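Each chain, written out:
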Amino acid sequence: MTVMLKIRGEQRYEGQEPEVVELTTEGVMTQTAEGWSISYEETDLTGLQGATTTFTVKPGHVTLTRTGTVQSSMVFQEGVRHESLYQLDVGALMVCVCARRIQTELSMEGGYLDVYYTIQIEQAMAGVVRYHIDVTPVK
């Protein structure tokens, strides 16, 4: 199903000003056997043009996967640390994420996804990130 996504990403890293990116874009949401899949094409605004981002939402579990110019997969479960490789054109970074809170309410009528997590990059740079996505079906 074609949907409009209003995405707000907020990143706060130690010693840096918070970075907020807001994007409204068209995407696709499909119901799976265990939950939902939401995907969209990244743009210049996010700095990830040429990548496709997919959120796979299951009870208590969200996976963020990027394919294309950026290759990554991050798994979010409240209170559980997950490590993954974040592949960029210039090389790869080891990323560790731990979800503090996952809230979701999705249906055929739309809804939202909210993921708040801590992130550690190359075992040094630490911060907190929040993604909030509002989903509205295109009629």
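Scroll up to find the structure this text is about.
We now turn to the structure provided with this report. Note that the structure is predicted; figures quoted are calculated from it, not measured.

### Describing the overall build of the protein chain
Within the protein chain, the secondary structure is distributed over zero helices and ten strands. When the elements of the protein chain are put in sequence order from the N terminus, they spell out β-β-β-β-β-β-β-β-β-β. In terms of overall dimensions, the protein chain is globule-like: its C-alpha atoms have a radius of gyration of 15 Å, near the 14 Å expected for 139 residues. In terms of overall dimensions, the protein chain has C-alpha extents of about 45 × 30 × 25 Å along its principal axes.

### Observations regarding the nonpolar core
Within the largest apolar cluster, 33 residues are counted, with the highest numbers of intra-cluster contacts made by Phe55, Phe76 and Tyr117. Those residues in contact with Phe55 that sit more than four places away from it in its chain are Trp36, Ser37, Ile38, Tyr40, Val62, Thr63, Leu64, Leu113, Tyr131 and Ile133.

### Quick look at the pattern of salt bridges
Taken as a whole and judged by the stated rule, the model has seven salt bridges. We note a salt bridge from Glu10 to Arg12, for which the minimum N-O separation is 2.7 Å. Judged by its relative accessible area of 17%, Glu10 is buried. Owing to a relative accessible area of 42%, Arg12 belongs among the partly exposed residues under this scheme.

### Notes on the packing of aromatic side chains
Using the criterion set out here, one finds three aromatic pairs in the structure. Between Phe55 and Tyr131 the ring centres are 5.7 Å apart and the planes differ by 75°, which places this aromatic pair in the edge-to-face class. In this pair, Phe55 is assigned in strand E4 (residues 51–58) and Tyr131 in strand E10 (residues 125–137), connecting sequence segments 76 residues apart. When sorted by exposure, Phe55 lands in the same class as Tyr131, which is buried.

### Section: the side chain of Ser84
With respect to the secondary-structure elements, Ser84 resides in strand E7 (residues 81–88). Look at Ser84 and you get buried, because its relative accessible area is 13%. Here the side chain of Ser84 touches Ser73 through a polar contact of 3.0 Å, landing on its backbone oxygen. Look past the residues within four positions of Ser84 in its chain and what remains in contact with it is Ser73, Met74, Leu93, Met94 and Val95.

### Brief notes about the side chain of Asp114
By secondary structure assignment, the location of Asp114 is in strand E9 (residues 110–121). According to the relative accessible area criterion, Asp114 is buried, its value standing at 1%. Within the structure, the side chain of Asp114 is placed 2.8 Å from the side chain of Arg130, a separation counted as a polar contact. Within polar-contact distance, the side chain of Asp114 engages the side chain of His132 at 3.0 Å. Leaving out residues up to four positions away in the same chain, Asp114 has contacts with Arg101, Ile102, Gln103, Arg130, Tyr131 and His132.

### Concerning the environment of Val138
Relative to the helices and strands, Val138 is located in the segment after E10. Looking at Val138, the relative accessible area reads 39%, which means it is partly exposed. Considered as a pair, Val138 and Arg66 are 72 residues apart in the sequence and their alpha carbons are 24 Å apart. Setting aside anything within four residues of it in sequence, one finds Val138 in contact with Thr2, Val3 and Met4.

Criteria and cut-off values
- Residues numbered from 1 in each chain as written.
- Predicted model: local features only at pLDDT ≥ 70, side-chain atom pairs only at ≥ 80, totals over all residues.
- Heavy atoms only, no water.
- Helix = DSSP H or I, 4+ residues; strand = E, 2+ residues; numbered from the N terminus.
- Rg over C-alpha atoms; globule rule 2.2 N^0.38 Å.
- Core = buried A, V, L, I, M, F, W, Y, C linked by side-chain atoms within 4.5 Å.
- Buried < 20%, exposed > 50% of the residue type's maximum accessible area, 1.4 Å probe, protein only.
- Contact = heavy atoms within 4.5 Å.
- Salt bridge = Lys/Arg side-chain N within 4 Å of Asp/Glu carboxyl O.
- Phe/Tyr/Trp six-rings, centres within 6.5 Å; stacked < 30°, edge-to-face > 60°.
- Polar contact = N/O pair within 3.5 Å; in protein donor to acceptor, adjacent residues only side chain to side chain.

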